[in-house]
Every structure is written in C-alpha cells, then in structure tokens.
Amino acid sequence: PRVTDADLFGVWGSGSSDVYAVGMEGTLLHFDGRRWRDRSAELPLSVGAARPPLTAISGRLGDDSEIAELWVVGNGVALHRTRGRFRQTPIGSRVLYGVTTTAAGEAWAVGSGGAVLRYEEGRWRPAGPEADLGRGRDLLTLFSRNGELWAGGRGGALLHRDPAGVWASLAVPA
C-alpha cells in the first residue's frame with residue numbers, strides 16, 4: 001500500500017533495512033527493510049498544510065553501528081535528531097536544499113543564493129566561499145568525504161572545499 005502521495009526530495013540510509021525519505025508538507029518516511037512508515041508526526045513542525053517542504057536528509061552512525069544522529073533541512077527549517085528525538089536548530093528564513101553530516105554534532109548545509117552553513121558548537125554559521133565563487137547561484141546538493149566537501153547547484157555551479165578549508169569553483173564542461 002502507498003504511504004504518501006507527497007513529492008520526495010531526499011533519501012538517506014544506514015543500510016537496506018534502515019532508510020529515510022523526506023519531502024513536501026514536512027514528510028518523513030522510514031523503511032525498515034519490509035515496509036515504509038510515515039514518521040512525520042515525530043518532527044517538531046506545525047500541523048497541517050503549513051508544514052514546510054523538507055529537501056534533504058543525512059545521518060551518521062555511532063560506534064555501535066546504529067544511527068547516532070540525523071539532519072533534515074528544508075524551507076526555513078533545519079532539524080537535528082539525537083537520542084531518538086528531533087529538535088529544531090534555528091536558521092531563520094533560509095531555504096536549504098542539501099545537508100551532510102561530517103562528525104558528531106557537526107553538519108554542513110547548502111541552499112538558496114549560494115548559502116553554505118556549518119553547524120558546530122550548537123549553532124549554524126555561514127561558512128562558505130567568497131560570495132563571487134558561487135556567483136550567488138542556488139546550491140542544491142552536498143557531499144562530504146574524508147574532510148572534503150562537494151556542492152553542486154544551478155547553472156553548473158560546482159564547488160569543492162579541500163581538507164585544509166580552501167574553497168574552489170570547478171569548471172563544468174558545457
């Protein structure tokens with residue numbers, strides 16, 4: 001049976017029996033290896049049509065190989081789940097499209113106008129490249145690995161942050 005008709009924008013999982021999906025109207029779904037369940041009620045969001053679209057999800061496994069934390073972002077919302085409970089982390093009215101978890105209590109997010117934010121020490125801070133590097137284009141997706149960040153967006157925007165923290169704009173073939 002169908003769990004939702006909502007458009008879905010982001011998927012993340014720790015394995016084939018632990019997958020999450022997020023989407024329109026504050027939708028959060030979970031797959032346990034056998035069936036999908038709607039977990040939207042766990043999110044600290046308003047009830048009804050005013051729930052914002054959720055655009056991306058990322059997580060991190062703990063030492064016991066269980067999910068230690070999840071991050072969910074969207075239109076004016078960034079949610080962080082630890083110890084089985086989601087809480088809001090203020091981002092103002094920013095629209096975020098991508099998120100990645102890099103370490104315990106640390107995440108990065110990208111969004112409209114080339115926004116790049118880093119969450120550490122309990123709050124989000126602007127942490128992106130110089131304004132002209134992304135040329136103000138929306139950044140839509142984000143990937144991290146071994147201290148590097150990769151962000152992609154509208155109009156062929158492709159940015160890279162090396163482990164030393166240096167950002168570069170990469171040329172994408174036309």
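No experiment lies behind these values; they were computed from the predicted model shown.

### Let's talk about the packing of aromatic side chains
By the definition in use, this model includes five aromatic pairs. Geometrically, the ring pair formed by tryptophan 71 and tryptophan 124 is edge-to-face, given 5.3 Å between the ring centres and 75° between the ring planes. Of this pair, tryptophan 71 sits in strand β6 (residues 67-74) while tryptophan 124 sits in strand β12 (residues 123-126), and the two are 53 residues apart along the sequence. With a relative accessible area of 0%, tryptophan 71 lands in the buried category.

### Structural notes on the environment of serine 17
Following the sequence through the fold, serine 17 ends up in the loop between β1 (8-15) and β2 (18-23). Residue classification places serine 17 among the partly exposed positions, given a relative accessible area of 45%. When the C-alpha atoms of serine 17 and arginine 35 are compared, they prove to be 9.2 Å apart, with 18 residues separating the residues in sequence. Here serine 17 is in contact with Phe31, Asp32 and Gly33, once residues within four sequence places are set aside.

### Here we look at the pattern of salt bridges
This structure, assessed with the given rule, holds seven salt bridges. For glutamate 42, the salt bridge identified is with arginine 39, shortest N-O distance 2.3 Å. Residue classification places glutamate 42 among the partly exposed positions, given a relative accessible area of 33%. Salt-bridge contacts for arginine 60 lead to glutamate 69; the nearest nitrogen and oxygen are separated by 2.7 Å. By relative accessible area, which is 23% here, arginine 60 ends up partly exposed. Counted as one network, the salt bridges with shared partners bring together Glu106, Arg118 and Glu120.

### Points about the side chain of arginine 81
Of note, arginine 81 is situated in strand β7 (residues 77-82). No salt bridge is formed by the buried arginine 81; its nearest oppositely charged neighbour, glutamate 42, is found at 4.7 Å. Separated by 3.2 Å, the side chains of arginine 81 and tyrosine 20 make a polar contact. Those residues in contact with arginine 81, other than ones at most four positions away along the chain, are Tyr20, Arg39, Ile67, Ala68, Glu69, Leu70 and Phe86.

### Focus: unusual backbone geometry
As a rule of thumb, non-glycine residues mostly have phi less than zero, and peptide bonds are mostly trans rather than cis. Positive phi, normally seen in glycine, also occurs at glutamate 25, with a value near 55°. The residue glutamate 25 is located in the loop between β2 and β3 (27-31) in this model. Given a relative accessible area of 52%, glutamate 25 falls into the exposed group. In the Ramachandran plot, arginine 83 falls in the positive-phi region, its phi being about 50° despite a non-glycine side chain. Looking at where arginine 83 falls in the secondary structure, it is placed in the loop between β7 and β8 (85-88). Arginine 83 sits in the exposed class, given a relative accessible area of 82%.

The rules behind these values
- Residues numbered from 1 in each chain as written.
- Predicted model: local features only at pLDDT ≥ 70, side-chain atom pairs only at ≥ 80, totals over all residues.
- Heavy atoms only, no water.
- Phe/Tyr/Trp six-rings, centres within 6.5 Å; stacked < 30°, edge-to-face > 60°.
- Helix = DSSP H or I, 4+ residues; strand = E, 2+ residues; numbered from the N terminus.
- Buried < 20%, exposed > 50% of the residue type's maximum accessible area, 1.4 Å probe, protein only.
- Contact = heavy atoms within 4.5 Å.
- Salt bridge = Lys/Arg side-chain N within 4 Å of Asp/Glu carboxyl O.
- Lys, Arg positive; Asp, Glu negative; His and termini not counted.
- Polar contact = N/O pair within 3.5 Å; in protein donor to acceptor, adjacent residues only side chain to side chain.

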